[in-house]
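Chain by chain, the residues run as shown.
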Amino acid sequence: MSELPLVVRTIAEARTIVGRARAQGREVGMVPTMGALHEGHASLIRAARRDTDLVVVSIFVNPTQFGPSEDYTRYPRNMEADRLICREAGADLIFAPTDEEMYPNGLESTFVEVKALTRNLEGACRPTHFRGVATVVAKLFLAAQPDAAWFGEKDYQQLQVVRRMVSDLFLPVEIKAGAIVRETDGLALSSRNRYLNSEERAAATVLWRAIREGQAAVAGGQRRGDNIRTLLKSVVESERLARLEYAEVADAENLEPVDDLGQGREARVLIACYVGKTRLIDNAPLAC
Ligand code: AMP
């Protein structure tokens, strides 16, 4: 069994290790996470392992991407379990900075704001979320200086926002996407699934059930965005423990609502709902 990956807490240490690798002509891959790792994260680490020579996993529960009534303080943290998953998946280094290391001048600091792509969906429900995400991802890239970084399609809007930020700011990092990893009943893996009790866990399949119904409707010839939205909504609302936040059919590139799926552009279904007190999101392509 290989050794547990080294854990470093400071930017200086991460830069020294990454700098040494780059000086030897090795490519550096990064997987930014908030920890509480699962198979979804592991799939991204494995992809980074395949494509790059030094794999850095960052574990940082970023305070600026949580709203005031969200789960920042109770977000699951378990470094020892995370380290084992990192070893299994082939990570070389864990960069796990403290809040003080990442925000040395406090949380009222410099922010990166991506205006495009953030007005609807998660951006509408969580108004300061993407400002926090863009800021921390930019900081993590500047801190660890990877050549490439992997993000999951699970957070599809986040993936698009990060791509836009990298393009707008000329950040020299290649952004790679990983497919959503699901449980056998379709529930997308998420660190937040561990908040669900057994009844809620059963109800949580409603996101995937709605997505499948939406995909089946499109396969059956449905082309009207509104009709698909109504269908998704009715599936989610049929689940007693679920409370819908949004069920959208959006352009896969710019995330604007799609009215007519017959236009040849790629569309995506995106859903957010509460199951009990736990907020879950999921998405999938809608192929015509
Ligand atoms: P998080 O720790 O939730 O911030 O997620 C870190 C990265 O893992 C993000 O790029 C997520 O999109 C990705 N991720 C989370 N869950 C999954 C999943 N079920 N399948 C694939 N990627 C995932």
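These numbers were taken from a predicted model, which means no experiment stands behind them.

**Quick word on the nonpolar core**
Working step 1: Judged by nonpolar contacts, the single largest core of 45 residues is most densely connected at V137, F141, F151 and I175.
Working step 2: Those residues in contact with I175 that lie beyond four places of it in its chain are F141, A149, F151, L159, V162, R163 and V166.

**A closer look at the side chain of T33**
Working step 1: Examined against the element boundaries, T33 turns out to sit in strand β2 (residues 28-33).
Working step 2: A distance of 3.0 Å separates a polar atom in the side chain of T33 from the backbone nitrogen of G35.
Working step 3: Separated by 2.8 Å, the side chain of T33 and the backbone oxygen of S58 make a polar contact.
Working step 4: Those residues within four positions of T33 in sequence are excluded, and the remaining contacts are H41, V57, S58, I59 and F60.

**Comments concerning the layout of surface pockets**
Working step 1: Estimates place the volume of the second largest pocket at around 220 Å³.
Working step 2: Taken together, 16 residues form the lining of the second largest pocket, with R9, I59, F60, V61 and R77 sitting closest to its centre.
Working step 3: In terms of residue class, the lining of the second largest pocket is made up of nine nonpolar, three polar and four charged.

**Side note on the packing of aromatic side chains**
Working step 1: For the structure on display, the rule yields four aromatic pairs.
Working step 2: When the centroid spacing of 6.3 Å and the interplanar angle of 35° are considered together, the rings of F60 and Y103 count as tilted. Of this pair, F60 sits in the loop between β3 (54-59) and α3 (79-89) while Y103 sits in the loop between α4 (99-102) and α5 (122-125), and the two are 43 residues apart along the sequence. The exposure classification of F60 matches that of Y103, with both residues buried.
Working step 3: With 6.4 Å between their ring centres and 75° between their planes, F141 and F151 make a pair best called edge-to-face. Here F141 is found in helix α6 (residues 129-144), whereas its partner F151 is found in strand β5 (residues 148-152), with ten residues between them in sequence.

**A word on the site of the ligand**
Working step 1: Around the ligand, the surrounding shell holds 17 residues, and the nearest of these are M34, G152, D155, V181 and L189.
Working step 2: Contacts to the ligand include L189, whose backbone N or O atom sits 2.9 Å from a nitrogen atom.
Working step 3: In the complex, 93% of the free accessible area of the ligand, which totals 480 Å², lies under the protein chains.
Working step 4: Among the secondary structure elements, those contributing two or more residues to the shell around the ligand are β2, α2 (39-51) and β5.
Working step 5: A total of three residues in the shell around the ligand trace back to one element, the largest contributor, which is α2.

**What about the sheet that holds strand β9 (residues 278-286)?**
Working step 1: Reading across the sheet, the three strands line up as β7-β8-β9 and stay open at both edges, with antiparallel pairing between neighbours. In the strand order of this sheet, the two ends are held by β7 (242-251) and β9, each with one partner. Neighbour-to-neighbour, the strand axes of the sheet open up by a mean angle of 15°, direction not taken into account.
Working step 2: In terms of strand pairing, strand β8 (residues 267-275) meets β9 through nine bridges, oriented antiparallel. When the bridges of β9 are listed, Y274 appears paired with R279.
Working step 3: Against the sheet, helix α9 (residues 206-219) contacts β7, β8 and β9, and its axis sits at roughly 20° relative to β9.

**What about the packing of α6 against helix α7 (residues 156-168)?**
Working step 1: At a minimum axis distance of 10 Å, the contact between α6 and α7 shows a crossing angle of 55°. Considering their axes alone, α6 and α7 lie oblique with respect to each other. The two elements α6 and α7 meet at a crossing, and its hand is right-handed. On α7, the residues that touch F130, V133, A134, V137, A138 and F141 of α6 are Q157, Q158, V161, V162, M165 and V166.
Working step 2: Its residues assigned to classes, the contact of α6 with α7 comprises ten nonpolar, two polar and no charged.

What counts, and where the lines are drawn
Residues numbered from 1 in each chain as written. Predicted model: local features only at pLDDT ≥ 70, side-chain atom pairs only at ≥ 80, totals over all residues. Heavy atoms only, no water. Core = buried A, V, L, I, M, F, W, Y, C linked by side-chain atoms within 4.5 Å. Buried < 20%, exposed > 50% of the residue type's maximum accessible area, 1.4 Å probe, protein only. Contact = heavy atoms within 4.5 Å. Helix = DSSP H or I, 4+ residues; strand = E, 2+ residues; numbered from the N terminus. Polar contact = N/O pair within 3.5 Å; in protein donor to acceptor, adjacent residues only side chain to side chain. 1 Å grid on protein atoms, 1.4 Å probe; cavity = no way out; pocket = protein on both sides within 12 Å on 5 of 7 lines; lining within 4 Å. Points joined across faces, edges and corners; volume = space filled by probe spheres on them. Nonpolar A, V, L, I, M, F, W, Y, C, P; charged D, E, K, R; others polar. Phe/Tyr/Trp six-rings, centres within 6.5 Å; stacked < 30°, edge-to-face > 60°. Near = heavy atom within 4 Å. Areas by Shrake-Rupley, 256 points an atom, 1.4 Å probe, with all protein chains shown as cover. Pairing = 2+ DSSP bridges. Axes fitted to C-alpha atoms, helices over the stretch in contact; angles between N-to-C directions. Parallel < 35°, antiparallel > 145°, perpendicular 65-115°, else oblique. Left-handed = near helix turned anticlockwise from the far one by under 90°.

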